[in-house]
Amino acid sequence: MIVEFTKLDDAAGQYDDEAGRFVVDLVKKIADDPRVEAVLMAGSPLAGTVDRWSDVDLTVVCAADDHAGMMVGRQDFAKGMGRLLSAFTGEHVGEPRLLICLYDAPLLHVDMKFIRVEDVNPRVEDPLVLWDRTGRTRRELAQGAPRWPNAELGWFEDRAWIWLHYGVAKLGRGELYEALNMLTFFREQVLGPMIAKIAGRNQRGVRHLEKDVHISGLLIRTTAVLDRDALLDAYAVSLDLYLHLHESIAGTRSGHPAREPVEAYLSMVRNA
């Protein structure tokens, strides 16, 4: 059976010429492996927002009997796709099926996730089906619908006060790098997703927060240099911004029992 590539040229055409040619060649090389059932694409091409900085997000779909072998041989598989400079697996993001690659000529970041046909659901978005050997992958996709894992307000409220206290405690101990890292973590896990929720977007950490100009003045004040007073100020702004976002979502100010103790704790550390 000969299955035509679909949407491949359209997707690759969003990249510049050199990267686009690489994407076309890469997908065709992947599909040439008889263990591969389908090749899917996610990321910027779904929204038509590819630019010169975009990476390539591919899902390599294989039959269940071939999946274990594909996982074991991922590095060699990737080496056969082009001039591979480096690659490592994605346990650090909770996705061991992922191989994160850097290719040369052109210098391009490529994510390849190796899954079984049966694993296309559940999913967070509808991928572009670039190639499907038998049509089974399309049929499997049709059995489900995408659902982005957006958090509700209670999720943030359960965590925000503990994380704020934890970061301020690091300041109390003089662990400035830890406190700085916790600010970044809080912005990514709480403030960014809450801003996205208010804007009606999927929550993706701090991605595209630059678009939210109405709040950028406060948000930039949640960053700090490695200085105790500057970090204390950034934590105070982060706390106030959290309260503002909570009220914007819920219509009421946070009544969490940890709120006043954490506010008092921040004042105590500042005056220590």
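See the structure printed just above.
For clarity, every value in this text was computed on a predicted model and none was experimentally measured. (Residues numbered from 1 in each chain as written. Predicted model: local features only at pLDDT ≥ 70, side-chain atom pairs only at ≥ 80, totals over all residues. Heavy atoms only, no water.)

Colleague: Looking at this model, I keep getting lost on helix α4 (residues 64-72). Mind explaining?
Modeller: Residue pairs spaced three or four apart in an α-helix point in one direction, given the helix's 3.6 residues per turn. Residues of α4 that are buried include every one of H67, M70 and M71, and no others. Seen along its axis, α4 keeps its buried residues to an arc of 95 degrees; they face one direction. Across α4 from its buried face, at more than 90 degrees, point the exposed residues D65, A68 and V72. For α4, the secondary structure elements touched by its buried residues are β1 (36-42), β2 (56-62), α5 (74-79), β4 (95-103) and β5 (108-116). (Buried < 20%, exposed > 50% of the residue type's maximum accessible area, 1.4 Å probe, protein only. Helix = DSSP H or I, 4+ residues; strand = E, 2+ residues; numbered from the N terminus. Arc of directions from axis to C-beta. Contact = heavy atoms within 4.5 Å.)

Colleague: Explain the pairing of β1 to me, please; I cannot follow it from the model alone.
Modeller: Where a strand is regular, its side chains alternate between the two sheet faces. Counted residue by residue, β1 has 7 buried out of 7 residues, so it is predominantly covered. The sheet contact formed by β1 and β2 spans 6 bridges and is antiparallel. Directly across from A38, in β2, lies its bridge partner V61. Two elements, β1 and strand β6 (residues 128-132), share 4 bridges in a ladder whose sense is antiparallel. Following the sheet pairing, M41 is matched in β6 by L128. (Pairing = 2+ DSSP bridges.)

Colleague: I'm lost on the environment of R35 in this one. Help?
Modeller: Take R35: it is sitting in the loop between α2 (17-31) and β1. Separated by 25 residues in sequence, R35 and V60 have C-alpha atoms that sit 9.8 Å apart. Ignoring sequence-local partners within four residues, the contact set of R35 consists of V61, C62, A63, D66, G69, M70 and F77.

Colleague: Which parts of the structure should I look at to understand the packing of aromatic side chains?
Modeller: To describe a pair of aromatic rings, you give the distance between the ring centres and the angle between the ring planes. Following the criterion strictly, the structure yields 7 aromatic pairs and no others. Considering the side-chain rings of F22 and Y103, the 5.3 Å spacing of their centres and the 55 degrees angle between planes classify their relative orientation as tilted. Linking F22 in helix α2 with Y103 in strand β4, this pair joins segments that are 81 residues apart in sequence. Assessed through its relative accessible area of 10%, F22 is described here as buried. In this structure Y103 comes out as buried when scored by relative accessible area, which is 0%. An angle of 70 degrees between the planes, with centres 6.1 Å apart, marks the rings of W155 and W163 as edge-to-face. By way of ring pairs, the aromatic residues W155, F156, W163 and F185 are connected into one cluster. We note K28 situated over the ring of F5; from NZ or CZ to the ring centre the distance is 5.6 Å. (Phe/Tyr/Trp six-rings, centres within 6.5 Å; stacked < 30°, edge-to-face > 60°. Lys NZ or Arg CZ within 6 Å of the ring centre and 35° of its normal.)

Colleague: What is the right way to look at the side chain of E37 in this model?
Modeller: Turning to its location among the elements, E37 is positioned in strand β1. E37 has contacts with V61, C62, A63, V117, W131, D132, R133, T134 and T137, leaving out every residue within four places of it along the chain.

Colleague: What is the right way to read unusual backbone geometry from this model?
Modeller: A negative phi holds for most residues other than glycine; trans holds for most peptide bonds. Along the chain, A105 connects to P106 via a cis peptide bond; the corresponding omega equals 5 degrees. By the secondary structure assignment, P106 is in the loop between β4 and β5. Here the amide bond leading from N121 into P122 is cis, since omega sits at -5 degrees, within 30 degrees of zero. Relative to the helices and strands, P122 resides in the loop between β5 and β6. For K7, which is not glycine, the phi torsion reads 65 degrees and is therefore positive.

Colleague: I would appreciate a short explanation of the pattern of salt bridges in the present structure.
Modeller: Think of it this way: side chains of opposite charge can pair up when their charged atoms draw near. A full pass over the atoms with the stated rule returns 12 salt bridges. Here the salt bridges share partners, and the residues they tie into one network are K170, R173 and E175. (Salt bridge = Lys/Arg side-chain N within 4 Å of Asp/Glu carboxyl O.)

Colleague: Please clarify how the packing of helix α7 (residues 153-172) against helix α10 (residues 228-250) should be interpreted in this entry.
Modeller: Each pair of packed helices can be summarised by the angle the axes make with each other and by the distance between the axes. Taken N-terminus to C-terminus, the directions of α7 and α10 make an angle of 170 degrees; their axes are 11 Å apart at the nearest point. The orientation of α7 with respect to α10, classified from their angle, is roughly antiparallel. Contacts from L153, F156, E157, A160, W161, L164, G167, V168 and L171 in α7 reach R228, L231, L232, Y235, S238, L239, Y242, L243, H246, I249 and A250 in α10. Looking at the contact of α7 with α10 residue by residue, the class counts come to 15 nonpolar, 3 polar and 2 charged. (Axes fitted to C-alpha atoms, helices over the stretch in contact; angles between N-to-C directions. Parallel < 35°, antiparallel > 145°, perpendicular 65-115°, else oblique. Nonpolar A, V, L, I, M, F, W, Y, C, P; charged D, E, K, R; others polar.)

Colleague: For this particular structure, what's the right way to read the sheet that holds β6?
Modeller: Judged by pairing direction, the sheet is mixed, and its 6 strands sit side by side in the order β3-β4-β5-β2-β1-β6 without closing on themselves. Where the open sheet ends on each side, the last strands, each with one partner, are β3 (84-90) and β6. Within this sheet the neighbouring strands show an average axis-to-axis angle of 20 degrees, counted without direction. Note: β4 against β5, 6 bridges, orientation antiparallel. Within β5, the residue paired with C101 across the bridge is V110. Those strands touched by α4 are β1, β2, β4 and β5, and its axis lies near 140 degrees from that of β5.

Everything listed here is a matter of coordinates, which is why it stays silent on function.
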